[in-house]
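This is what each chain is made of:
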Amino acid sequence: MSINKIDPNKWVDKYSDYLFNFTIVRVNDREVAHDLISETFLAGLKSMKNFKGEATERTWLISILKRKIIDHYRKTNSRKGKAEIKIQYNDDSNEGDWLEENAPDRFDKTAEDVMENEELGIAILECMEHLTEKQAKIFKMKTIDGFETEAICNEFDITPSNLWVIIHRARTTLAQCLEKNWF
Amino acid sequence: MNNKKTLFIDCSEAAYCCDKKQYNEASLPEKLKMLLHLVFCKRCRKYSSHNNRLTELMEKSNIKTCTEDEKKVWKEGIKKELTDK
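Residue positions are counted from 1 within each chain, in the order its sequence is given. Working convention: letters from A go to chains and numbers from 1 go to ligands, in the order in which they are written. Restriction of local features to residues with pLDDT of at least 70 applies here, the model being predicted, together with a cutoff of 80 or more for giving and counting side-chain atom pairs; totals for whole chains, interfaces and linings are based on all residues. Think of the side-chain values as coming from all heavy atoms in the structure, minus any hydrogens and water.

Engineer: Any details on the packing of helix H5 (residues 133–144) of chain A against helix H6 (residues 149–156) of chain A? Residues and values, ideally.
Structural biologist: Residue and element names in this part refer to chain A. Axes, fitted as lines to C-alpha atoms, cover a helix only where it is in contact. Angles between the N-to-C directions of the axes lie from 0 to 180 degrees. Numbering of helices and strands starts at the N terminus; helices are DSSP runs of H or I of at least 4 residues and strands are runs of E of at least 2. Look at H5 against H6: their axes get within 10 Å of each other, and the N-to-C directions meet at 150°. Comparing their axes, H6 and H5 come out roughly antiparallel. Here the hand of the crossing between H5 and H6 comes out right-handed. Between H5 and H6, the residues in contact are Lys-134, Lys-137, Ile-138, Met-141 and Lys-142 and Thr-149, Ile-152, Glu-155 and Phe-156, respectively. Taken together, the residues that form the contact of H5 with H6 break down as four nonpolar, one polar and four charged. Angle categories are assigned with fixed cut-offs, so that under 35 degrees is roughly parallel, over 145 is roughly antiparallel, 65 to 115 is roughly perpendicular, and the rest are oblique. Working rule for handedness: look at the near helix, and if it is turned counterclockwise from the far one by less than a right angle, call the crossing left-handed; if clockwise, right-handed. The contact definition used throughout considers only heavy atoms, calling two residues in contact when any of these lie within 4.5 Å. Basically, the charged four are Asp, Glu, Lys and Arg, the nonpolar ten are Ala, Val, Leu, Ile, Met, Phe, Trp, Tyr, Cys and Pro, and anything else, Gly included, counts as polar.

Engineer: Give me the interface of chain B and chain A: which residues, what numbers.
Structural biologist: At the junction of the two partners, chain B supplies 34 residues and chain A supplies 43 residues. Buried area, as used here, totals the accessible surface that two parts lose on assembly, with accessibility defined by a 1.4 Å probe and the loss added over both. Surface buried jointly by chain B and chain A totals about 3700 Å² across both partners, of which 64% is contributed by carbon and sulfur atoms. Each salt bridge in this description consists of a side-chain nitrogen of Lys or Arg and a carboxyl oxygen of Asp or Glu lying within 4 Å of one another. Where chain B touches chain A, the interface holds three salt bridges. The salt bridge partner of A:Asp13 is B:Lys75, with a shortest N-O separation of 3.1 Å.

Engineer: Any details on the environment of B:Glu13? Residues and values, ideally.
Structural biologist: Mapped onto the elements, B:Glu13 comes out in helix H2 (residues 11–22). As for B:Glu13 and B:His37, which are separated by 24 residues in sequence, their C-alpha atoms are 9.5 Å apart.

Engineer: Could you give an account of the side chain of A:Ser16, with specific residues and numbers?
Structural biologist: By the element assignment, A:Ser16 lies in helix H1 (residues 11–27). On the basis of relative accessibility, which here comes to 0%, the residue A:Ser16 falls in the buried class. Counting of polar contacts relies on pairs of N or O atoms within 3.5 Å, with two restrictions inside protein: one atom must be capable of donating a hydrogen and the other of accepting it, and residues adjacent in sequence are counted only when both atoms are side-chain atoms. A distance of 2.5 Å separates a polar side-chain atom of A:Ser16 from the backbone oxygen of A:Val12. Once you skip the residues sitting within four places of it in the chain, A:Ser16 turns out to touch A:Trp11, B:Cys66, B:Lys71 and B:Trp74. Each residue's exposure class comes from its accessible area (1.4 Å probe, protein chains only) as a fraction of the maximum for that residue type: buried when under 20%, exposed when over 50%, partly exposed otherwise.

The values are spatial; any link to function lies outside them.
Set out below in structure tokens:
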């Protein structure tokens, strides 16, 4: 079994988008997500010596992050408990205090859709690890952030044809990686 | 007009047009030439359908990226912790 090495100097470039998307769908607040990831990196640094190399760095960071997210939920829940308002939920004889409580969910977006999209996002980000650092950076800028071709060319000092070759390679690799489960 | 040169393109050019099309950057002539190429090239038809599907999945996934500022804060935090050790 190959032993996975740890290199904290590369954590941000390699895993921050992955960790961020994992977090944002769970906490739904950019600032909170940012803080939780900071805490995860610091906790990772503190327990680096416990990393045995059996899992990948990313899996190990995710396991720390999951605990941080749970702690965050606990904290917000305990705060909520102090200011809790008892809501009269509906039973057979009354309709409940808050009519919103009875509002139907949006029919065009089900919980399954949300879960599937989340899984898809994670699958794409995992496949992006097969790309070189430069390919991943350029592909993300072009596809996710929607930068103009010219802006990316200027930033990386490449020609538009270089850019399209990089995009082509990235797209081919990603399509191959996603083909089995998502095509 | 030199029909052969302008109308018929090879696979690499078809792929180039197909990639540009994913970002709405292919011109009309490029799109037409690509479509013509797809009529007789099975391999490029497969690439094109995969490429379209990838675009669809990317949109559906709603992936977000971190800003450079956010990354900077994390990097500095890690650097500080490592030097303090």
